[in-house]
Structures are given as structure tokens and as C-alpha cells.
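Below are the chains, spelled out letter by letter.
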Amino acid sequence: MSPRRVLPPVLPSVLPPLVARNLRDGRFRALAAALALALAALVAPPIPFTRTGVSVLAVVDITGSMAVRDYPAAAGSVSRLETVKAALRAMLPDLPCGSRVALGLFTDRRPFLLFTPVEVCADFAPLDGAIAALDPRMAWEGDSRVAAGLFRSIAMAGEIDADLLFVTDGQETPPLPASGGPTFDGEAGAVRGLIVGAGGYGLSPIPRFDDRGRETGFLGESDVQQENRSGPPPADAESREGYNPRNAPFGAQAAHGTEHLSSVREPYLRRLAAETGLGYVHLDGPGGLAAPLRAAATPRPLPGRLDPRPALLAAALGLTLLALLASPLARALRALRGRAAHPAPTPAPTGAIRT
């Protein structure tokens, strides 16, 4: 029986130099790091954090004066309502995920809630679509009692635990009586939020629409009530022509005025804001609502989670591409530098030389 042949101990003498050589290789280190990042992405848990958002009820005035076209645009001018819709739609992406928005309409003397607050990121598409679909033809009454609508909107926002974003031009229809408008009987500041004044500062004509919602021109002086003759007469009633304390306490002549024209009633809206504890801002164009809203609304902590897996996998992919492409790119760069340092000689011209 032949003696058993013993092999030399190869592994202890070969493996350490091989490992050391691989560790000195930049591509090996990059691929090892990519593998480690990919494995970490499989087990990495979401990172909890807290951010600040809002919960707001947006109530939009859709009465006739909101159809006035007094905002400049590339194709001429656009209506107040279209500008308000563009501003609200631009506001949604500027609110942090977790914020909640409800939508309501205002006409006559009360708001109508379309839906309760929904999350701006998860429900962005239906929320954006609902705002885009707002139309003056949704109005169920022709009057616009702004103060009454604002006070009821405040109560509605309190019921759904939201702040208020009330958008209107502030034009009361019919005009306020001489005794003034209704008074706010709630607690000022109990509901936070913002009144947004829509419209230009100059008087503009109000479009007229027929029963089918088609525009047929503009309102005239006799088409609207120029003076509210309910309640006690104004202080100058006795100096009016035909005044009779019992039969004609407002005078015998028809009232004249500019109620058939419209502008943003900013002093009136500022007074309502001060009375109710809300902020006020003028809408200058189709944007810029998110910052004043967040300043006026109640900061609400929103628990969130950050998923680190996309970042880890992206880093792993980047390291893998670097490992695979680094050597070819380095060789190509060295070749270019070599050609630049040693340009090819220019061949001598051949053929007859003319003198």
C-alpha cells in the first residue's frame, strides 16, 4: 500500500494576499458597498418624524360679481372666480402632505359644504378636480349677503375642526341697509383663518346671464337694487325729493348708484376680519395663497414616516454603475490624453510642385 500523499497548505498562504489585493481594488470596494446598501434597503424601517400642516375649510363665493373679468391674463382678462380657482389649485401642492382641505360654496346668505376635509396628497386628484369644476351657474340664489355667509362659514369650520379660508369680493347684494350689516355674535378668534379679497380696485361691469347660463351682456343701473330700503331710512332722507315720514321715508325718486359695477370691497372685508378675528389678504393673482394661509391658520403637528429604501437603492445603483464604468472611462480618457500629447505626423504632400 502506497503512502498517502499530503497536499501543501495552499489556502492559508494564498487567501490573505488575494483578499488584500481585492480590498485594494476600487471596483471591489464599490461593489461591496453597493451590496451592503442593497441589503440594508431590505431591512431598513421607516424613519418617523413630525411636521406642521393645516386643516382648512375653503369657502368660495360663486355669486354674480365673481364673474367679473378684472384680472389681467395673456389673452386679455379672466374672471375673479377663474383666478380664485387657479390660486386654490396652485396652493394644494405647496401644503405639506398630511394637511387636510374641505371645500364649500357661498351664495345668498349661507355656505354649502361639498365635502369634509380630505388629505391633500392622497386625495389630490379629486380635490383638484372639484376646485376646477366650480362654476357661477352652481349658485342657487342671486343675492350675496357676505357677512351672513362669513359668520355661518365660521360656525361650519368650527364644527368640522378646521380653520377657514373665505374667498369673496365683499360686494353685498342687496346693499347693506343704513343701519349696517349683521353683527358677529361668536367669539372672535375662536376659529382662525383668512379672508381673501378677490377682484380689482377699480369698478368693472358685471356680466349678465340668461336662464341657460349664457352671457348676454352686462348689468345696467336699473337691473340691480341700488339702495337697501329695509329698516330705518338714512340720515339724509329728509332732504330727498318727495320725502314723507310715513309714505315715502326714503324719498319718492328711484335710487341711483354704482351697484351694477363691482370692485373688491377691501375696507369692508378688513372690518369683517377684525370683527371675527380672522386675517385678511388681497388676491393679486393666481398664486401665493399657501404662505399667508399657513401664517394665519392653526399649526397642526402631522406624524409622518420617511422611507429610506429609495435613497439606499439609488446609492447602490450609483456605486454599481461607477464600478462597471470607471475602468472603461479611465482608459478612454487616457487614450484621449495620449493622442493630444503625441499627435500623428502630417503626411508629406505628393505630386508635382508648381513653381
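Now for a look at the structure at hand. Predicted model, so just to flag it, every value in this text is computed and none were measured.

The rules behind these values
- Residues numbered from 1 in each chain as written.
- Predicted model: local features only at pLDDT ≥ 70, side-chain atom pairs only at ≥ 80, totals over all residues.
- Heavy atoms only, no water.
- Helix = DSSP H or I, 4+ residues; strand = E, 2+ residues; numbered from the N terminus.
- Buried < 20%, exposed > 50% of the residue type's maximum accessible area, 1.4 Å probe, protein only.
- Contact = heavy atoms within 4.5 Å.
- Areas by Shrake-Rupley, 256 points an atom, 1.4 Å probe, with all protein chains shown as cover.
- Axes fitted to C-alpha atoms, helices over the stretch in contact; angles between N-to-C directions.
- Parallel < 35°, antiparallel > 145°, perpendicular 65-115°, else oblique.
- Nonpolar A, V, L, I, M, F, W, Y, C, P; charged D, E, K, R; others polar.
- Core = buried A, V, L, I, M, F, W, Y, C linked by side-chain atoms within 4.5 Å.
- Pairing = 2+ DSSP bridges.
- Salt bridge = Lys/Arg side-chain N within 4 Å of Asp/Glu carboxyl O.
- Disulfide = S-S within 2.5 Å.

**Some points on the overall build of the protein chain**
- Within the protein chain, the regular secondary structure consists of eight helices and 14 strands.
- When burial is assessed residue by residue, the protein chain has 35% of its 355 residues classed as buried.
- For the protein chain, restricting intrachain contacts to residue pairs at least 6 apart in sequence, the fraction spanning at least 24 positions comes to 77%.
- When the accessible area of the protein chain is evaluated, it comes to approximately 20800 Å², of which 60% is carbon and sulfur surface.

**Thoughts on the packing of helix 3 (residues 80–91) against helix 4 (residues 124–132)**
- At a closest axis distance of 9 Å, the pairing of helix 3 and helix 4 adopts a crossing angle of 170 degrees. In terms of their interaxial angle, helix 3 and helix 4 are classed as roughly antiparallel. Between helix 3, through Lys85, Leu88 and Arg89, and helix 4, the contact on the second element is made entirely by Asp128, Ile131 and Ala132.
- Considered class by class, the residues forming the contact of helix 3 with helix 4 number three nonpolar, no polar and three charged.

**A look at the nonpolar core**
- If you look at the biggest cluster of nonpolar residues, it comprises 32 residues, and the most contacted ones within it are Val60, Val84, Leu88, Met91 and Leu165.
- Examining the composition of this core, we find that five residues originate from one element, helix 3, more than from any other.
- Among the nonpolar cores identified, the runner-up in size contains 24 residues, and Phe106, Ala147, Leu272 and Ala273 belong to it.

**Quick look at the pairing of strand 6 (residues 110–119)**
- Bridge analysis of strand 5 (residues 100–107) against strand 6 gives seven bridges, and the strand direction is antiparallel. Paired with Gly104 across the two strands is Leu113, which belongs to strand 6.
- Where strand 5 folds back onto strand 6 in an antiparallel hairpin, the turn is made up of two residues, including Asp108, whose phi is positive at roughly 60 degrees.

**Looking at the pattern of salt bridges**
- By the definition in use, this model includes 18 salt bridges.
- Ionic pairing is found between Arg229 and Glu227, a salt bridge with its closest N-O pair at 2.9 Å.
- Notably, a salt bridge pairs Arg309 with Asp307, separated by 2.8 Å at the nearest N-O pair.
- Connected through salt bridges with shared partners, the residues Glu227, Arg229, Asp236 and Arg240 form a single ionic network.

**Quick word on the pairing of strand 13 (residues 279–282)**
- Of the two faces of strand 13, the one lined by Tyr280 and His282 is fully buried and the one lined by Gly279 and Val281 carries no buried residue.
- By the bridge criterion, four bridges tie strand 8 (residues 193–197) to strand 13 in an arrangement that is parallel. In the sheet register, Gly197 faces strand 13, and the bridge partner there is His282.

**Side note on the side chain of Ser144**
- Examined against the element boundaries, Ser144 turns out to sit in the loop between helix 4 and helix 5 (146–159).
- Using a relative accessible area of 1% as the deciding quantity, one classes Ser144 as buried.
- Setting aside residues up to four positions removed in sequence, Ser144 forms contacts with Asp61, Thr63, Phe106, Asp108, Gln171, Glu172 and Thr173.

**A short note on the side chain of Arg300**
- Along the chain, Arg300 turns up in strand 14 (residues 300–306).
- Every residue in contact with Arg300, bar those within four places of it in the chain, is listed here: Arg51, Thr52, Gly53, Val54, Ser55, Asp161, Ala162 and Asp163.

**Some details on the state of the cysteines**
- Applying the stated criterion across every chain, the model contains one disulfide.
- There is a disulfide in this structure between Cys97 and Cys121, and the S-S distance comes to 1.9 Å. The sign of the S-S torsion, about -85 degrees, decides the handedness of the disulfide formed by Cys97 and Cys121: left-handed. With Cys97 in the loop between helix 3 and strand 5 and Cys121 in the loop between strand 6 and helix 4, this pair connects stretches of sequence that are 24 residues apart.

**Points about the environment of Asp236**
- Topologically, Asp236 is positioned in the loop between strand 11 (215–218) and strand 12 (261–262).
- Under the relative-accessibility criterion, Asp236 is labelled partly exposed at 41%.
- For Asp236 and Phe250, which are 14 residues apart along the polypeptide, the C-alpha to C-alpha distance reads 8.9 Å.

**With respect to the sheet that holds strand 2 (residues 55–61)**
- Spatial strand order, 6-5-2-7-8-13: six strands in an open sheet with mixed pairing. Here the strands that pair on one side only, and so sit at the sheet edges, are strand 6 and strand 13. Taken pair by pair, the neighbouring strands of this sheet meet at an average axis angle of 20 degrees, ignoring direction.
- Looking at chain direction, strand 2 and strand 7 (residues 163–168) are connected through five bridges and run parallel. Note that in strand 7 the partner of Leu57 across the bridge is Leu164.
- Most of the contacts of helix 5 go to strand 7, to which it runs at about 160 degrees, and overall it touches strand 2, strand 5, strand 6, strand 7 and strand 8.

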